[in-house]
Amino acid sequence: MRVIVTRPAEQAAQWVKHLRDAGIAAVALPLIDIAAPPDAAAVAQAWRGLDRQRLVVFVSPNAAERFFTQRPAGSAWPDGVAAASIGPGTTQALQRLGVPAAAIIEPPVEAARFDSEALWACLAERDWSGAAVLIVRGDGGRDWLADTLTQHGAQVEFVCAYRRLAPRLTADALQCLDDAIARPDQHLWFFSSSEAITHLMQLRPNHAWTASRAIATHPRIAQRARECGFGDVRETHPTLDAVVACIQSIAS
């Protein structure tokens, strides 16, 4: 059984390596392309005002990577500014990029899931009255956390650090897609984004997915896969150990 990792290219490559190290056959088929933001000047301005923020929220590893890619020369993470991470992958990216571990707020590893609601549980006891909060994200996304912070008195702003696009598949990627469709019993789709599933449906709009299997790292993603016709969808915690265990249970 071959596991198809659908994350954006950089994260897909990392996951493929980890899964192969665990003895699992895996291949990258990125179903979201990551592109430059529509307004680089807005990102530069966000960096100039970073020390005025009480909290900067990063919604994904791509948010962290792309925000820091556009960091002005000589800029460092300012003292006293907290960085909120949606989950372990984002935290690892932030630490690699130079954010001190003590400055990072994230859901605990044992959290049932990694999302805005889990992150808010770590923030809810703090006083947000008048606090400046910056949310670093792509072009659009859920506003639940921003709305919740605003309801608790925070002054929330957004900066778009990247754009998410439909994938432009190479010949090898198209062959991988066709192989998975032709032999669904020999493949397992690994989804960590509902948008990736939407892009897959756009690539093969007339295909019936009832014979295909998938694992998903969040209930909303799993529900999207079921709505699109996947016959067997399992939910898993998004940590490497949990994903490996889920894959092994299906393979056995």
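None of the values given here were measured: they were computed from a predicted structure.

**Q** Help me understand the overall build of the chain, please; the structure alone is not making it clear to me.
**A** Each helix and strand in the chain was counted, giving ten helices and twelve strands. Against the globule reference of 18 Å for 252 residues, the chain gives a C-alpha radius of gyration of 19 Å, in line with a compact fold. With the C-alpha coordinates of the chain rotated into their principal frame, the extents come out at 55 × 35 × 35 Å. The proportion of buried residues among the 252 residues of the chain is 50%. Accessible surface computed for the chain: about 11800 Å², of which carbon and sulfur atoms make up 48%. Here the chain contributes 24 positively and 26 negatively charged side chains, and the mean placements of these two sets differ by 4 Å.

**Q** How should the nonpolar core be read in this particular structure?
**A** Soluble globular proteins tend to bury their nonpolar side chains together. Among the nonpolar cores identified, the biggest contains 26 residues, and Leu29, Leu177, Trp189, Phe191, Leu200, Trp209 and Phe230 are the most heavily contacted of them. Elements supplying a minimum of two residues to this core: helix H7 (171–182), strand E10 (187–191), helix H8 (194–203), strand E11 (213–216) and helix H9 (219–227). Per-element accounting of this core gives the leading share, five residues, to H7. Those residues within four positions of leucine 200 in sequence are excluded, and the remaining contacts are Leu31, Leu177, Trp189, Phe191, Trp209 and Phe230. Membership of the second largest hydrophobic core comes to 24 residues, among which are Phe58, Val81, Leu97 and Ala103.

**Q** Explain the layout of surface pockets here, please?
**A** If you roll a probe as big as a water molecule over the atoms, it shows you where there is empty space left. Looking at the second largest pocket, its volume works out to about 220 Å³. Looking at the second largest pocket, it is lined by 13 residues, and the ones nearest its centre are Gln45, Ala46, Gln53, Leu134 and Glu157. Residue assignment for the lining of the second largest pocket shows that the elements contributing at least two residues are helix H2 (40–48), strand E7 (132–137) and strand E8 (155–160). Here the lining of the second largest pocket gets four residues from one element, more than from any other, and that element is E8. For the lining of the second largest pocket, the class distribution of residues is seven nonpolar, four polar and two charged.

**Q** Can you help me understand the pairing of E8 in this one?
**A** Regular strands place their side chains on alternate faces of the sheet. Where E7 and E8 come together, six bridges link them in parallel fashion. Looking across to E8, one finds that arginine 137 is bridged to cysteine 160. As for the winding sense of the linkage, the β-α-β connection from E7 through helix H6 (residues 144–151) to E8 is right-handed.

**Q** Got a minute to help me understand the sheet that holds E7 in this structure?
**A** The strands making up a sheet are joined through hydrogen bonds of the backbone, oriented either antiparallel or parallel. On the basis of which strands lie adjacent, the open sheet formed by five strands has the order E6-E5-E4-E7-E8 and parallel pairing. Either end of the sheet is taken by a strand with one partner, and the two such strands are strand E6 (104–105) and E8. In this structure, strand E5 (residues 82–85) lies alongside E6, joined through two bridges in parallel fashion. When the bridges of E6 are listed, alanine 83 appears paired with isoleucine 104. Running over the sheet, helix H3 (residues 61–69) touches strand E4 (55–58), E7 and E8 and is turned about 120° from E4.

**Q** Would you explain the sheet that holds E10 in this entry?
**A** If you walk across this open sheet you meet the five strands as E2-E1-E10-E11-E12, and the pairing is parallel. Each end of this open sheet is capped by a strand with a single partner; those strands are strand E2 (26–28) and strand E12 (232–235). Neighbour to neighbour, the strand axes of the sheet diverge by 25° on average, direction disregarded. Strand direction decides the pairing type here: strand E1 (residues 2–5) and E2, joined by three bridges, are parallel. When the sheet's bridge partners are listed, isoleucine 4 is paired in E2 with valine 27.

**Q** What should I look at first to understand H7 in this one?
**A** For an α-helix the count is 3.6 residues per turn, leaving residues at separations of three or four pointing the same way. Here H7 contains twelve residues, and its C-alpha end-to-end distance of 16 Å stays within 8% of the 16 Å for a straight helix at 1.5 Å per residue. Among the residues making up H7, those that are buried are Ala173, Cys176, Leu177, Asp179, Ala180 and Ile181. On its buried side, H7 packs onto E1, E2, E10 and H8.

Criteria and cut-off values
Residues numbered from 1 in each chain as written. Predicted model: local features only at pLDDT ≥ 70, side-chain atom pairs only at ≥ 80, totals over all residues. Heavy atoms only, no water. Helix = DSSP H or I, 4+ residues; strand = E, 2+ residues; numbered from the N terminus. Rg over C-alpha atoms; globule rule 2.2 N^0.38 Å. Buried < 20%, exposed > 50% of the residue type's maximum accessible area, 1.4 Å probe, protein only. Areas by Shrake-Rupley, 256 points an atom, 1.4 Å probe, with all protein chains shown as cover. Lys, Arg positive; Asp, Glu negative; His and termini not counted. Charge placed at Lys NZ, Arg CZ, Asp CG, Glu CD. Core = buried A, V, L, I, M, F, W, Y, C linked by side-chain atoms within 4.5 Å. Contact = heavy atoms within 4.5 Å. 1 Å grid on protein atoms, 1.4 Å probe; cavity = no way out; pocket = protein on both sides within 12 Å on 5 of 7 lines; lining within 4 Å. Points joined across faces, edges and corners; volume = space filled by probe spheres on them. Nonpolar A, V, L, I, M, F, W, Y, C, P; charged D, E, K, R; others polar. Pairing = 2+ DSSP bridges. Right-handed = clockwise from strand over helix to strand, strands pointing away. Axes fitted to C-alpha atoms, helices over the stretch in contact; angles between N-to-C directions. Expected span 1.5 Å × (residues − 1).

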